[in-house]
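Chain by chain, the residues run as shown.
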Amino acid sequence: MCNSKIRVLVVDDQNVVRDGVVTMLSFQPDMEVVGEAENGIQAVKVASQSKPDVVLLDMMMPLQDGLTTISKLKELFPDIRILVLTSFSECDLVYQAIKLGALGYLLKDTTRAQLIQSIRDVAEGEAFIHPSMAMKVIQEFDESNEQGMMIEALTQRELETLQLIARGFSNQEIALFMHVHERTIAKYVSSILKKLQVSNRTQAALYAVRNGIAAPITI
């Protein structure tokens, strides 16, 4: 995100929760809350006006639920980063959210420090799934695309990059580890997503762990 603040849109139908999150983020020097919404329809409208970097999104809301909202946001704003913050941990719901394009999935019992760091990670394009749900999601990961996702298509350097992605490394950390420029890692990541036919790092990490390529530290 360079030196600019992370622009965050907070979406939750519970006023107390939304106000608490907004207040918490207001104390972060690298973050700016650029909008609030209490349902999915409002979220899409506010996002079009405020152009957030990260949408902090609840799953169960009136008028339009989280899954529908993720789909609409990604359709209208492909580069937008979505971090789900919800009370619902059903693995199918998590799986569907990730498949539709959410980059992270947190439960509302997460710590303040973890939430803040997750927003920063997602803003940088990194993935995070609450540890209690990660393995469940791996088990649910879509088998229908498995034939198209061929590990054999990856180069050795891409495979090394994928293993580090699955262990929770950022592009910068991977670049330092592999002694290459960060732009080179960005190219590797883009190629990996294309070859595995997945849409984001979270899905790539889940695929890697599910197929025994790497065991995750954090996803």
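It should be noted that the structure appears before, not after, this text.
Residues numbered from 1 in each chain as written. Predicted model: local features only at pLDDT ≥ 70, side-chain atom pairs only at ≥ 80, totals over all residues. Heavy atoms only, no water.

J.: Give a detailed account of the overall build of the chain, specifying residues and quantitative values.
T.: From N to C terminus, the chain includes 10 helices and six strands. The 219 residues of the chain split such that 49% are buried. In the chain, the proportion of contacts linking residues at least 24 apart, taken out of those at least 6 apart, comes to 68%. (Helix = DSSP H or I, 4+ residues; strand = E, 2+ residues; numbered from the N terminus. Buried < 20%, exposed > 50% of the residue type's maximum accessible area, 1.4 Å probe, protein only. Contact = heavy atoms within 4.5 Å.)

J.: Let's hear about unusual backbone geometry: which residues, and what values?
T.: Residue K51 is not a glycine yet carries a positive backbone phi of 50°. Looking at the secondary structure, you find K51 in the loop between α2 (40-50) and β3 (54-57). Residues other than glycine seldom take positive phi values, yet L63 does so here, at roughly 70°. Within the element layout of this structure, L63 appears in the loop between β3 and α3 (66-76). In this structure L63 comes out as exposed when scored by relative accessible area, which is 71%.

J.: Tell me about the packing of aromatic side chains, residues and numbers included.
T.: For the structure on display, the rule yields one aromatic pair. On the numbers, 6.3 Å between centres and 75° between planes, the contact of F169 with F177 is edge-to-face. Note on F177: relative accessible area 53%, which makes it exposed. (Phe/Tyr/Trp six-rings, centres within 6.5 Å; stacked < 30°, edge-to-face > 60°.)

J.: Account for the packing of helix α7 (residues 156-166) against helix α10 (residues 201-210), naming residues and giving values.
T.: The relative placement of two packed helices is expressed as an angle between their axes plus a distance between the axes. Taken N-terminus to C-terminus, the directions of α7 and α10 make an angle of 100°; their axes are 8 Å apart at the nearest point. Looking at the two axes, α7 sits roughly perpendicular to α10. Contacts between α7 and α10 involve L162, I165 and A166 from the first element and R201, A204, A205, A208 and V209 from the second. Partitioning the contact of α7 with α10 into residue classes produces seven nonpolar, no polar and one charged. (Axes fitted to C-alpha atoms, helices over the stretch in contact; angles between N-to-C directions. Parallel < 35°, antiparallel > 145°, perpendicular 65-115°, else oblique. Nonpolar A, V, L, I, M, F, W, Y, C, P; charged D, E, K, R; others polar.)

J.: Please give an account of the pairing of strand β4 (residues 81-86) that cites residues and values.
T.: Here is the key point about a regular strand: its side chains alternate between the two faces of the sheet. Among the six residues of β4, five are classified as buried, and the element is accordingly described as predominantly covered. Note that β3 and β4 share four bridges and pair parallel. Its bridge partner being in β4, V55 is matched across the sheet by I82. At this point the chain moves from β3, through α3, to the parallel β4, and the crossover so formed is right-handed. Two strands pair when backbone bridges link them, and β4 and strand β5 (residues 104-107) are joined in this way by four bridges, in the parallel orientation. (Pairing = 2+ DSSP bridges. Right-handed = clockwise from strand over helix to strand, strands pointing away.)

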